[in-house]
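Residue-level structural notes
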Amino acid sequence: MRRLLLAAAVAAAALPGLALAQAPAAQPPLRCAVDGTFAPHAFPSLQGGVQGFQIDLFREVARRMGREIVIDSASFSGLIPAMNAGRYDFLCAPTTVTPERAASLLFTEGYLWTELQFGIRRGTPPIRSEEDLRGKTISVNKGTPYEQWVTRNAERLNLTLLAFDTQPDAVQAVIQGRAYANLSGNTVVRFSASRTPQYIADFVLPGTRLHWGTPFRQDSGALRNQVEDVIVCMKRDGTIARLSERWFGNAPGPDQAERVEFPGYGVPGLPGYDPTPQNPTCG
């Protein structure tokens, strides 16, 4: 009897350690990055760190995944190389899904539409067509589709490219008269115009509506799908639409990407698209 009691005591003493050994290890924080000068998507907060649509969006994504998240701020031109080098799990920066990028990265479906829009200095005659840009200097944020558009059309329209590491610097070049216009995404141009009286939102390039999605390395398909499932749930319950209204100033309509659920995983019709039907479990 005494031996049985002793054995039971030893087993009981071992149980806490055994339970600890069998408990699943805590998952490490998700790591992502933004361009912290790209207001209202991500920009400095007076309390320190960065704030904006992207910050609120991906903190909520991580919370619903049961993960912590670390969001770094760096120049956009270095974000994709840093992610491909393994520094980040994905990018929280709004990233235009182009065929060229989709050929080497995996993307979620779009959670916003982006269109290419010009901002000009107040008092400048409005841009009515691409011909009004002929012979002009255009400022852009370096490493973006806006820089690519100017480069592709430089010879045709005799454009001069002025590329900067930050969007605010590109806007200032227009205000100071160093550039005729600034080319960026529609949300960013409109936000800059709302904060800078000398700068106004102007011509939107026709046919440039594209997905703004979340990029991952090509070996991160499972994580891409997990994040996209959460994004779909946030579309269904109106979270992304509410964040959009808060940061961009108006409620998105039913045809806007904040509300539209696209079939499969990724952007339909582009490389990296997975047609597997989505079936997220939304709490």
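Reading the values: the criteria
- Residues numbered from 1 in each chain as written.
- Predicted model: local features only at pLDDT ≥ 70, side-chain atom pairs only at ≥ 80, totals over all residues.
- Heavy atoms only, no water.
- Helix = DSSP H or I, 4+ residues; strand = E, 2+ residues; numbered from the N terminus.
- Buried < 20%, exposed > 50% of the residue type's maximum accessible area, 1.4 Å probe, protein only.
- Contact = heavy atoms within 4.5 Å.
- Areas by Shrake-Rupley, 256 points an atom, 1.4 Å probe, with all protein chains shown as cover.
- Salt bridge = Lys/Arg side-chain N within 4 Å of Asp/Glu carboxyl O.
- Expected span 1.5 Å × (residues − 1).
- Pairing = 2+ DSSP bridges.
- Right-handed = clockwise from strand over helix to strand, strands pointing away.

If you tally the helices and strands in the protein, you get 9 helices and 14 strands. Its C-alpha atoms give the protein principal-axis dimensions of about 100 × 40 × 35 Å. Every one of the 283 residues in the protein was classed for burial, and the buried ones make up 50%. Expressed as a percentage of contacts within the protein between residues at least 6 apart in sequence, the contacts between residues at least 24 apart total 70%. As displayed, the protein has an accessible area near 13,800 Å², and 54% of this comes from carbon and sulfur atoms.

Tallied over the entire structure, the rule returns 11 salt bridges. Here D237 and R64 are joined by a salt bridge, their closest N and O atoms 2.9 Å apart. Highlighted residues: D237 in the loop between helix 8 (221–236) and helix 9 (239–248) and R64 in helix 2 (residues 53–65), separated in sequence by 173 residues. Overall, R64 belongs to the partly exposed group, its relative accessible area being 32%. For K235, the salt bridge is made with E109, and the minimal N-O distance between the two is 2.6 Å. Of this pair, K235 sits in helix 8 while E109 sits in the loop between strand 6 (106–107) and strand 7 (112–114), and the two are 126 residues apart along the sequence.

Inspection of the secondary structure puts L116 in strand 8 (residues 116–121). Residues L116 and I69, 47 residues apart in the sequence, show an inter-C-alpha distance of 30 Å.

Quick look at helix 2 now. Note that an α-helix has 3.6 residues per turn; residues three or four places apart therefore point the same way. For helix 2, with 13 residues, the first-to-last C-alpha span of 19 Å sits near the 18 Å given by 1.5 Å per residue. Three or more residues of helix 2 are buried, namely F53, Q54, I55, L57, F58, E60, V61, A62 and M65. Contacts made by the buried residues of helix 2 are with strand 1 (30–34), strand 3 (50–51), strand 4 (69–73), strand 7, helix 8 and helix 9.

Next up on the list: the pairing of strand 9 (residues 137–141). For strand 9, the tally of buried residues reaches 4 of 5 residues, placing the bulk of the element in the interior. Judged from the 5 bridges that link them, strand 9 and strand 10 (residues 160–164) form a sheet pairing that is parallel. Within strand 10, the residue paired with S139 across the bridge is L162. Crossover strand 9 to strand 10 through helix 5 (residues 145–157) is right-handed. In terms of strand pairing, strand 9 meets strand 11 (residues 181–185) through 2 bridges, oriented parallel. Bridge pairing in strand 11 links I138 to A181.

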